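Fold and geometry: a report
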Amino acid sequence: ITSNLTVSNVLTIAASSGVLTDNAGGFNITVSGSGTPFVNNGAAVTCSQFIYRNYTDLITITAAGGTYNVVTNLNISGGSFNSVTYQLNGNLVVNGGLYIAGDGFLRRSVLDTSASNYSVTANSLTIGISGTQPGNFNTNGSSVTINGNVTLTASSGAIIAGSSSWTVSGNWSTGGGYLFTAGTSTITFNGTGTQTLTSGSQSFYNLTHSGSGTLQLSTNNLTVTSNFTNSAGTFDVNDLTVTINGN
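Residues numbered from 1 in each chain as written. Predicted model: local features only at pLDDT ≥ 70, side-chain atom pairs only at ≥ 80, totals over all residues. Heavy atoms only, no water.

In this section: the overall build of the protein chain. Within the protein chain, the secondary structure is distributed over zero helices and 28 strands. In summary, the protein chain has a C-alpha radius of gyration of 18 Å against a globular reference of 18 Å for 247 residues, a match within 12%. Considered along the principal axes of its C-alpha atoms, the protein chain spans approximately 55 × 35 × 30 Å. A separation of at least 24 residues holds for 48% of the contacts in the protein chain among residues at least 6 apart in sequence. (Helix = DSSP H or I, 4+ residues; strand = E, 2+ residues; numbered from the N terminus. Rg over C-alpha atoms; globule rule 2.2 N^0.38 Å. Contact = heavy atoms within 4.5 Å.)

A separate point is the pairing of strand 4 (residues 28-31). As paired elements, strand 1 (residues 5-7) and strand 4 share three bridges and run parallel to each other. Bridging across to strand 4, Thr 6 finds its partner in Thr 30. (Pairing = 2+ DSSP bridges.)

The subject of this paragraph is the packing of aromatic side chains. Under the criterion given, the structure shown has twelve aromatic pairs. Here a set of aromatic residues connected by ring pairs shows up, and it is made of Phe 137, Trp 166, Trp 172, Phe 180, Phe 189 and Phe 204. (Phe/Tyr/Trp six-rings, centres within 6.5 Å; stacked < 30°, edge-to-face > 60°.)

Moving on, we come to a nonpolar patch on the surface. Taken together, the side chains of Phe 81, Phe 105 and Leu 106 present a nonpolar region at the surface, about 350 Å² in accessible area. Its location among the elements puts Phe 81 in the loop between strand 9 (66-78) and strand 10 (84-88). Exposure remark for Phe 81: the relative accessible area of 56% places this residue in the exposed category. (Patch = residues over 30% accessible without salt bridge, like charges linked within 9 Å, V, L, I, M, F, W, Y side chains within 5 Å. Areas by Shrake-Rupley, 256 points an atom, 1.4 Å probe, with all protein chains shown as cover. Salt bridge = Lys/Arg side-chain N within 4 Å of Asp/Glu carboxyl O. Buried < 20%, exposed > 50% of the residue type's maximum accessible area, 1.4 Å probe, protein only.)

As a further point, take the pairing of strand 18 (residues 165-168). Of the two faces of strand 18, only one is covered, namely that formed by Trp 166 and Val 168; the face formed by Ser 165 and Thr 167 stays uncovered. Across four bridges, strand 15 (residues 143-146) lies against strand 18 in parallel orientation. The partner of Thr 145 across the bridge, within strand 18, is Thr 167.

What follows is about the sheet that holds strand 10. Spatially, the six strands line up as an open sheet ordered 8-10-12-14-17-20, and their pairing is parallel. Of all strands in the sheet, those with a lone pairing partner are strand 8 (60-63) and strand 20 (179-181), marking the two edges. Between one strand and the next, the sheet's axes are offset by a mean angle of 15°, whatever the strand orientation. Alignment of strand 14 (residues 135-138) against strand 17 (residues 157-160), held across four bridges, turns out to be parallel. Note on strand 17: the bridge partner recorded for Asn 136 is Ala 158. (Axes fitted to C-alpha atoms, helices over the stretch in contact; angles between N-to-C directions.)

It is worth spelling out the environment of Gly 35 at this point. Looking at the secondary structure, you find Gly 35 in the loop between strand 4 and strand 5 (38-39). The partly exposed category is assigned to Gly 35, whose relative accessible area is 36%. Once the C-alpha coordinates of Gly 35 and Tyr 118 are considered, the two residues, 83 residues apart in sequence, prove to be 19 Å apart.

Scanning the model with the defined rule gives one salt bridge in all. Note that Asp 103 and Arg 53 form a salt bridge whose closest N and O atoms lie 2.9 Å from each other. One end of the pair, Asp 103, is in the loop between strand 11 (92-100) and strand 12 (109-112); the other, Arg 53, is in strand 7 (residues 49-54), with 50 residues separating them in the sequence. By relative accessible area, which is 26% here, Asp 103 ends up partly exposed.

Worth remembering: the numbers are spatial, not functional.
Below, the structure written as structure tokens:
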């Protein structure tokens, strides 16, 4: 493509060998249809930003798995006052940021990995904008790998972690009032430098630090309702209180 592209019905790449690219990485692709608005058949897409955007109330839309090579973000947006849910139909790889937030005042956008527990990999994860454009991430029993920072904006939505397993290489920042429902999930920090953990006073279930660097608490005390493991590197409580209810 040589300019921004918006498709209001269905965008289809006919075969896995197909190519959808803007070459220089300077243009956005937006799909706003219902049902399955993007059919990639295993082909990768390359652009500045790929945007899912639908405003229909209480609708579930299929979001294509596969590889998104984006300069900025794969943007799960749109939303409505009662939420729009985007449900994955395959494993998702984002070579760039994954961004989940409603597009407009009090519009909620939800990304769900579905009962098939598709995996999610991204360079960074951002959920919500301020307190007015919420986003939800329902990870069920999926494997989630974030090769950078996880940022949960204050009072702007939720992570429903279920039984998922997370690996985070950057910082974890939870704004106050943000809902992190840990379920029986395991969050593993594996960075080689200093990673900061701002819990927003939300509890974790299983928490592991396996990286060779330092995991440092920031701002909030930490509660782990099951097990905490520091298998490598340094855990710095930073003069805060840590409560572990398991081992």
